[in-house]
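Observations on the model geometry
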Amino acid sequence: MNCIHCSEKAVIELQHGALCKNHFLSHFEDRVFTTINRYKMLGPDDLICVATSGGKDSLTVLYLTQKYIKKHKYKNAAVFALAVDEGIENYREKTLQDLTKFCTEHNVPLTIVKSKDTFNKTLDETYQTITEKKNKKPCHVCGVWRRYLLNKTAKEMGATKIVTGHNLDDEAQAIMMNIFKANTSLAGRLGPVSGIKENEHFTSRVKPLYLCPEKEVRLYALLKGFQVHFAECPYSKEGYRHHIQEMLNNFEEQYKGTKQGIVRSFLAILPLLKEAQKEEKIINTCTLCGEATSKEICNACAMKEELMT
Ligand code: SF4
Ligand SMILES: [Zn+2]
Ligand SMILES: [Zn+2]
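Residues numbered from 1 in each chain as written. Chains lettered and ligands numbered in written order. Predicted model: local features only at pLDDT ≥ 70, side-chain atom pairs only at ≥ 80, totals over all residues.

**As for the overall build of the chain**
Of the regular secondary structure elements, the chain holds eleven helices and ten strands. Buried residues in the chain amount to 36% of all 309 residues. When contacts within the chain are restricted to residue pairs at least 6 apart in sequence, those whose partners lie at least 24 apart make up 69%. (Helix = DSSP H or I, 4+ residues; strand = E, 2+ residues; numbered from the N terminus. Buried ≥ 20, exposed ≤ 12 C-beta atoms within 10 Å, placed from the backbone. Contact = placed C-beta atoms within 7 Å.)

Now the structure itself:
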């Protein structure tokens, strides 16, 4: 199979035809840059915190954020990488090694914060309590703590934007998870740009890979030679998301375009959901840590307290 634009051998077949390595790379970058422009994700004076883990999505988004800033000659903008070490043995240390190497090679300042410093225990150390005593899933705790630390640290470092590596598959999964759990209040966290702009406690989060399917991100990272372990977190199969992911992958195999359809339908109703949420949400500050919350105690602190007992 040859590329539809030149006679080179194709590396991927997309809906509109097959592409060779070079044409795929520029097709992918064009889509990311168009997404950044369409949703006004980055500006010339932004201090951009890229939330990274060392996985393929985060290295790709970090690389392309830097490329976008250079391409647009945003002299006042700056990029730094921020990672959370949850304390997951045989996994996180590998991805953080990849990340550290990448940041050194690409000249990006990197900050790593450890969950244990704030929540007293690593995820591994608290695993038994989470699953056996509290009957919860590790991903649930991990997600709440990671979001908390990213938001708090990015704000402390003066970031005006948080870039995340969420891709189209992640978003389709999150949309379905929220629908299946009737979790409509989470709508504010979804979409290409999230966070409440008017609130000083929230730094706007943007997702430049929003419209990129996971398999394309994987191919991009491979073709660019990014050193990624492609390691999987040992807890990932325990999460609700994993089941949704399998379901959507099976569905996509039989009915091409399913994930795109989910995200496009969601985008059509997102303005209405955000509007409804703005009216509902009263922002307080957590009585324990001072971070933003709609309750008296934020989710991260509540979880910390619960897991100590
Ligand atoms: S798979 Fe779950 S436990 Fe592992 S890093 Fe992701 S959210 Fe955390
Ligand atoms: Zn080509
Ligand atoms: Zn708190």
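**Regarding the site of ligand 1**
In the region of ligand 1, the neighbouring residues are Glu86, Pro138, Cys139, Cys142, Gly143, Cys233, Tyr235, Ser236 and Gly239. Looking at the shell around ligand 1 residue by residue, the classes come out as five nonpolar, three polar and one charged. (Near = placed C-beta within 6 Å. Nonpolar A, V, L, I, M, F, W, Y, C, P; charged D, E, K, R; others polar.)

**Thoughts on the nonpolar core**
In this structure, Ile48, Cys49 and Val50 are the most contacted members of the largest nonpolar core, which totals 67 residues. Counting residues per element, this core draws most heavily on helix α6 (residues 138-156), which supplies eight residues. Every residue in contact with Cys49, bar those within four places of it in the chain, is listed here: Phe80, Leu82, Ala154, Met157, Ala159, Lys161 and Ile162. (Core = buried A, V, L, I, M, F, W, Y, C linked by C-beta atoms within 7 Å.)

**Things to note about the pairing of strand β1 (residues 10-14)**
Direction of pairing for β1 relative to strand β2 (residues 17-20): antiparallel, over a ladder of four bridges. In the sheet register, Ile12 faces β2, and the bridge partner there is Leu19. Once β1 ends, the chain turns through two residues before running back antiparallel as β2. (Pairing = 2+ DSSP bridges.)

**Points about the environment of Lys9**
Along the chain, Lys9 falls in the segment before β1. Given 11 C-beta atoms within 10 Å, Lys9 falls into the exposed group. Separated by twelve residues in the primary sequence, Lys9 and Lys21 have C-alpha atoms spaced 8.1 Å apart. Lys9 has contacts with Asn2 and Cys20, leaving out every residue within four places of it along the chain.

**A look at the pairing of strand β3 (residues 47-52)**
For β3, the buried fraction is high: five of the six residues fall into the buried class. Two strands pair when backbone bridges link them, and β3 and strand β4 (residues 78-85) are joined in this way by six bridges, in the parallel orientation. Bridge assignment links Ala51 to a residue of β4, and that residue is Leu82. Crossover connection from β3 via helix α2 (residues 56-71) to parallel β4: handedness right-handed. Looking at chain direction, β3 and strand β6 (residues 161-163) are connected through three bridges and run parallel. Its bridge partner being in β6, Cys49 is matched across the sheet by Ile162. (Right-handed = clockwise from strand over helix to strand, strands pointing away.)

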